[in-house]
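# Examining the three-dimensional arrangement
If you want the building blocks of each chain, they are given just below.
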Amino acid sequence: MKYNQVIEAEFIRRPNRFVSYCNINGVEEKVHVPNTGRCKELLVEGAKVILSKADETSKRKTKYSLISVYKGNRLINIDSQSPNSIVEEALKNRTIFRDYNFTRIKREQKYGNSRLDIYYEREDGEKTIKGFIEVKGVTLELNNLCLFPDAPTERGLKHILELVKAHEEGYETNIIFLIQMDNVDKFAPNYEMHPEFAKTLAKCQKEGVNIHAFSCKVAPDTVVLSKAIEIIDLNVFL
């Protein structure tokens, strides 16, 4: 995934979930934050951030979006709109699920009371397999352990339960935790933040939902899926 017209800035403050103020070449500018998570360990005063300039034809009230932030030397993408595009790109480029012979990949497929991120069909011999992928962007890292969520997520819990139902109806089902940074060791559900999410994730794996975690290579103007990351044994939450 590529961003156009990126610039470096300095983070000042975030008065609400959607708005921040950044220092751009000595000028304080109101900036859109495309992430409703807390990101409190990232968005600290003085942090170096990367902004993407909106298209000139856009009717947005803010010229820029805050897409990435440096945590030490590590650049972390916090754009919650990017993970689905990154995974779709990786599927089409056969970076992941390389053995799958996809005949259809579709974003935002309605199922039950939800819209699941990716629907696909693939050929397996003479059989057509239909499946879903739900993508969760991960931005929280502690000592190279990545955690999700960074705030309680009833929506995320709802999507897990929808995938269990889909699996029971014969669909192939997957959850991808897309870690929006590189050089990390492991992934785990954030039990301390949302115990029910961790427990439900472990149960859904037991019931046949496939759980994956992948890291990303992040540059100021690009984010691409990198490699599979180890997931801790989810049985500890059962």
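Residues numbered from 1 in each chain as written. Predicted model: local features only at pLDDT ≥ 70, side-chain atom pairs only at ≥ 80, totals over all residues. Heavy atoms only, no water.

### A few points about the nonpolar core
What counts is decided by this rule: In plain words, nonpolar cores are sets of buried Ala, Val, Leu, Ile, Met, Phe, Trp, Tyr and Cys residues tied together by side-chain atoms within 4.5 Å. Residue burial is assigned from relative accessible area. The probe radius is 1.4 Å, only protein chains are included, and a residue is buried under 20% of its type maximum, exposed over 50%, and partly exposed in between. Strands are runs of DSSP state E lasting at least two residues, helices are runs of H or I lasting at least four, and both sets are numbered from the N terminus onward.
Judged by nonpolar contacts, the single largest core of 44 residues is most densely connected at Leu51, Leu66, Ile175, Phe177, Ile179 and Leu201. By residue number, the principal contributor to this core is helix α3 (residues 195-206), which donates five residues.

### Considering the environment of Gln5
As a reminder, the rule being used: By definition in these notes, contact holds between two residues if any of their heavy atoms fall within 4.5 Å.
Locating Gln5 in the fold gives a position in the segment before β1 (6-16). Relative accessible area serves as the criterion here: at 45%, Gln5 is assigned to the partly exposed category. Along the chain, Gln5 and Ala198 lie 193 residues apart, while their C-alpha atoms are 38 Å from each other. Leave out the neighbours within four places in its chain, and Gln5 touches Leu51, Ser52 and Lys53.

### Describing the sheet that holds strand β7 (residues 101-111)
This is how it is decided: Strand pairing is assigned whenever DSSP identifies at least 2 bridges connecting the two strands. To obtain each axis, a line is fitted to C-alpha atoms, and for helices this fit is confined to the stretch in contact; angles are then taken between N-to-C directions over 0 to 180 degrees.
Judged by pairing direction, the sheet is mixed, and its six strands sit side by side in the order β7-β8-β9-β12-β14-β15 without closing on themselves. Sheet topology places β7 and β15 (222-228) at the edges, where each strand pairs with a single neighbour. Going across the sheet, the axis of each strand differs from the next one's by a mean of 30 degrees, ignoring polarity. Bridge analysis of strand β8 (residues 114-124) against strand β9 (residues 127-138) gives seven bridges, and the strand direction is antiparallel. What sits directly across from Tyr119, in β9, is Phe132. Across the face of the sheet, helix α1 (residues 82-92) comes into contact with β7, β8, β9, β12 (172-179), β14 (210-219) and β15 while running at roughly 160 degrees to β7.

### Description of the pairing of strand β5 (residues 64-71)
The element β5 is largely enclosed, with a buried count of six among its eight residues. Relative to strand β6 (residues 74-77), β5 runs antiparallel, the two being bridged by four bridges. Directly across from Ser68, in β6, lies its bridge partner Asn77. Between β5 and β6, which pair antiparallel in sequence order, lie two residues; one of them, Gly72, sits at a positive phi of approximately 70 degrees.

### A look at unusual backbone geometry
With an omega dihedral of 0 degrees, the bond running from Phe148 to Pro149 counts as a cis peptide bond. Along the chain, Pro149 turns up in the loop between β11 (145-148) and α2 (154-168). Of note, the phi angle at Gln5 is positive, near 50 degrees, even though the residue is not glycine. One non-glycine residue, Cys39, lies in positive phi territory at about 50 degrees. Its place among the elements puts Cys39 in the loop between β3 (27-32) and β4 (48-53). Look at Cys39 and you get buried, because its relative accessible area is 0%.

### Regarding the packing of α2 against α3
Selection criterion: Oblique is the label for every angle not falling under 35 degrees (roughly parallel), over 145 degrees (roughly antiparallel), or within 65 to 115 degrees (roughly perpendicular). Helix crossings are classified by the rotation of the near helix relative to the far one: an anticlockwise turn of less than a right angle makes the crossing left-handed, while a clockwise turn makes it right-handed.
For the pair α2 and α3, the least separation of the axes is 10 Å and the interaxial angle reads 15 degrees. Between α2 and α3, the angle is such that the two are roughly parallel. Crossing geometry of α2 relative to α3 is assigned as left-handed. Counting all contacts with α2, which are made through Gly156, Leu157, Ile160, Leu161 and Val164, the residues of α3 involved are Glu196, Phe197, Thr200, Leu201 and Cys204.

### So, the sheet that holds β11
Taken in spatial order, the four strands of this open sheet run β10-β11-β13-β16, and their pairing is mixed. With one partner strand each, in any of the chains shown, β10 (140-142) and β16 (230-231) form the two edges of the open sheet. The sheet contact formed by β10 and β11 spans three bridges and is antiparallel. Residue pairing in the sheet places Leu142 in a bridge with Leu145 of β11.

### Here we look at the domain arrangement of the chain
Put simply, the test is: By convention here, the domain bounds are inherited from an automatic or database domain assignment. Buried area: the accessible surface (1.4 Å probe) lost by two parts on joining, summed over both. Within this document, salt bridges are pairs made up of a side-chain nitrogen of Lys or Arg and a carboxyl oxygen of Asp or Glu, the two lying within 4 Å of each other. We call two N or O atoms a polar contact when they sit within 3.5 Å, provided that within protein one can donate a hydrogen and the other can accept it, with sequence-adjacent residues counted only if both atoms are side-chain atoms.
Considered domain by domain, the chain is made up of domain 1 (6-77) and domain 2 (81-237). Summarising the inter-unit geometry, the C-alpha centres of domain 1 and domain 2 are found 26 Å apart. Taken together, the 17 residues of domain 1 in the interface contact 20 residues of domain 2. Carbon and sulfur atoms supply 48% of the area buried between domain 1 and domain 2, which totals about 1,400 Å² over both sides. It is Arg38, Arg74 and Asn77 that lose the most area in domain 1 upon contact with domain 2, and together they represent 43% of the buried surface on that side. Taken together, the links from domain 1 to domain 2 amount to two salt bridges. The salt bridge partner of Glu141 is Lys71, with a shortest N-O separation of 2.8 Å. Counting across the domain 1 and domain 2 interface gives nine residue pairs in polar contact (both at pLDDT 80 or more).

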